[in-house]
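Geometric and topological summary
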Amino acid sequence: MKGAVRIAALAAVLALLLPTAAGTAVAADGPAVRLSTSQAGTGGSVTVRGSGWRAHALLMVLICGQAVPSRGVPGGTNSCANADGRAVTTDAHGSFSRKLPVAEPPVPCPCVVHVATVTGARAQADAVFQVAGHPVEPLPAQPAGGRLSVLTDTRLDGSGGLLTWFGAPPARTLVLTVGNVGTSAVKDPVFQVGTSHGVFAPQWEEQRWRGTIRPGKRARIELPVELTGGAHGDYTVSLKYGGKVLAEQPWGVGRPWGVTLFWVLAFLVVPAAVFRAGMALVDRVRPRRAGGVRHRGPRLPGSGPRLPGIARRLPGLAARLPRFAVRAEQAPPSASTLPWFTPDSDPGAAAGRLSAPHDDSPTSHTTPTRRKGPP
């Protein structure tokens with residue numbers, strides 16, 4: 001009897017310890033996801049719980065179609081209900097709990113609840129989930145023959161230049177090494193390169209790599225990546241082949257400060273130019289003074305200094321200068337170029353008078369001489 005009691009007590013202790021041991025094993029293996037229910041219809045919700053994640057990591061929780069936990073999500077986030085996804089941050093122990101609304105993915109089921117990190121080291125986990133009423137179709141067959149696998153970490157080569165600083169499209173080269181782990185050669189593979197900003201789904205673009213990768217061989221792949229003009233912030237470059245995402249590489253793009261500098265200068269230079277143009281127009285249409293002289297004060301003939309300075313030193317001269325200036329403008333120009341001679345004392349004028357003939361000349365033949373005394 002005592003032995004039966006001891007066995008029952010030991011069984012109860014083992015029953016209490018087994019869930020803890022199982023949870024510890026799952027956490028040690030990597031990130032794990034558990035659902036409150038395995039099936040729900042559109043409009044309902046499911047509680048997603050996770051453990052074994054990185055502490056204080058930002059995660060994205062989505063419902064994706066055409067996926068199983070063993071193959072992941074071959075179509076990437078394009079096969080997920082992105083509009084109804086939810087973000088969650090893990091606690092200090094790497095655990096979280098988040099309620100997720102049920103929505104139909106854009107592709108048929110089988111479906112999963114897909115949880116993946118948004119920033120930092122890549123990590124993901126899937127849990128089987130059935131959206132009630134959503135169509136179910138078989139998964140597409142995996143391509144037979146050659147299969148490519150990433151052998152080295154990806155990197156982005158290149159740097160921005162002066163044009164990028166002024167808003168030109170940032171460009172880099174995605175570099176990685178892939179190996180053919182299949183049984184047949186892969187000739188001229190077509191990769192899909194996607195760029196995503198923040199938590200948005202990537203925009204995919206097909207790029208063909210020219211070459212042949214034989215079974216068991218490796219090749220260095222270089223693919224150009226370009227963003228739109230003026231792009232800045234945190235981006236993620238993804239590489240997909242055969243419907244499977246092979247690699248992801250974060251890309252931090254700096255702000256084009258040259259564009260900001262251009263607009264600051266435009267807001268400073270344009271108003272200054274408009275102001276100067278307006279002042280020139282006002283100066284042109286302003287009415288002139290009498291006589292057509294636009295100077296503030298009378299000026300001496302020629303290009304001498306203005307009168308106010310002279311008027312303070314020679315008050316008597318300043319009183320006569322206005323009349324002199326008017327007469328100077330009306331009188332014909334003098335033949336003399338020497339300013340210290342007056343017209344009466346000009347040597348040239350005197351010489352002209354001395355050389356001109358006179359009526360009382362003693363040698364004149366046209367003028368009769370008068371006799372002295374009576375006739």
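A brief structural summary. (Residues numbered from 1 in each chain as written. Predicted model: local features only at pLDDT ≥ 70, side-chain atom pairs only at ≥ 80, totals over all residues. Heavy atoms only, no water.)

What follows is about the packing of aromatic side chains. Following the criterion strictly, the structure yields four aromatic pairs and no others. Aromatic pair W53 and F96: ring centres 6.4 Å apart, planes at 65°, arrangement edge-to-face. In this pair, W53 is assigned in the loop between β3 (45-51) and β4 (58-65) and F96 in strand β6 (residues 96-101), connecting sequence segments 43 residues apart. Per residue, the accessibility class of W53 equals that of F96, and both read buried. A cation over an aromatic ring shows up here: K240 above the ring of W204, its NZ or CZ 4.2 Å from the ring centre. Across the ring face of W257, the terminal group of R255 is positioned such that the distance to the ring centre comes to 5.8 Å. (Phe/Tyr/Trp six-rings, centres within 6.5 Å; stacked < 30°, edge-to-face > 60°. Helix = DSSP H or I, 4+ residues; strand = E, 2+ residues; numbered from the N terminus. Buried < 20%, exposed > 50% of the residue type's maximum accessible area, 1.4 Å probe, protein only. Lys NZ or Arg CZ within 6 Å of the ring centre and 35° of its normal.)

Another aspect to go through is the sheet that holds strand β14 (residues 203-208). Read from one edge to the other, the open sheet built from four strands follows the order β14-β13-β17-β18, with strand pairing classed as antiparallel. Strands with a single pairing partner mark the edges of an open sheet, and in this sheet they are β14 and β18 (244-253). Each adjacent strand pair in this sheet contributes to an overall mean axis angle of 25°, direction not counted. (Pairing = 2+ DSSP bridges. Axes fitted to C-alpha atoms, helices over the stretch in contact; angles between N-to-C directions.)

Under the counting rule described, the total for this entry stands at two disulfides. A sulfur-sulfur separation of 1.9 Å characterises the disulfide bridge that pairs C109 with C111. Torsion about the S-S bond of the C109 and C111 cystine: about -90°, corresponding to left-handed handedness. Assessed through its relative accessible area of 0%, C109 is described here as buried. (Disulfide = S-S within 2.5 Å.)

Here C109 and P110 are connected by a cis peptide whose omega angle stands at 20°. Mapping P110 onto the fold places it in the loop between β6 and β7 (111-117). The phi dihedral of H56 is positive, around 55°, even though this residue is not glycine. Take H56: it is sitting in the loop between β3 and β4. A residue is classified by how much of its surface remains accessible, and H56, at 58% relative accessible area, is exposed.

By the element assignment, A247 lies in strand β18. The sequence separation of A247 and V193 amounts to 54 residues, and the corresponding C-alpha distance is 9.9 Å. Among all residues touching A247, those that are not within four sequence positions of it are R122, V150, T154, V237, S238 and L239. (Contact = heavy atoms within 4.5 Å.)

Attention now goes to the layout of surface pockets. Of the voids in this model, the largest pocket is the one considered here, and its volume is about 1,100 Å³. Forming the boundary of the largest pocket are 41 residues, of which T77, A116, T117, T236 and E248 lie nearest the centre. For the lining of the largest pocket, the per-class residue count stands at 19 nonpolar, 17 polar and five charged. (1 Å grid on protein atoms, 1.4 Å probe; cavity = no way out; pocket = protein on both sides within 12 Å on 5 of 7 lines; lining within 4 Å. Points joined across faces, edges and corners; volume = space filled by probe spheres on them. Nonpolar A, V, L, I, M, F, W, Y, C, P; charged D, E, K, R; others polar.)

Mapped onto the elements of the fold, F129 is located in strand β8 (residues 124-132). Exposure remark for F129: the relative accessible area of 1% places this residue in the buried category. In this structure the C-alpha to C-alpha distance between F129 and C64, which are 65 residues apart in sequence, comes to 9.2 Å. For F129, the contacting residues outside a window of four places in its chain are L35, T37, S38, Q39, A40, V46, I63, V102, C111, V112 and V113.

Moving on: the nonpolar core. One recurring pattern in soluble globular proteins is that nonpolar side chains are buried together. In this structure, L174, F191, I221, V237, L239 and W251 are the most contacted members of the largest nonpolar core, which totals 23 residues. Of all elements in the fold, only β11 (171-180), β13 (190-197), β16 (218-226), β17 (233-241) and β18 reach the threshold of two or more residues within this core. Not counting the four nearest positions on each side in its chain, W251 is found in contact with L156, P170, A171, R172, V225, L227, G233, D234, Y235 and V237. Membership of the second largest hydrophobic core comes to 21 residues, among which are I63, L100, V115 and V131. (Core = buried A, V, L, I, M, F, W, Y, C linked by side-chain atoms within 4.5 Å.)

Pairing in this open sheet of three strands is antiparallel, and the strands run β1-β3-β6 from one edge to the other. Single-partner strands in this sheet number two, and they are β1 (32-35) and β6. Direction aside, neighbouring strands of the sheet carry axes that sit 25° apart on average. Sheet topology places β3 next to β6; six bridges connect them, and they run antiparallel. Counterpart to V48 in the pairing with β6 is R98.

By themselves these figures say nothing about function.
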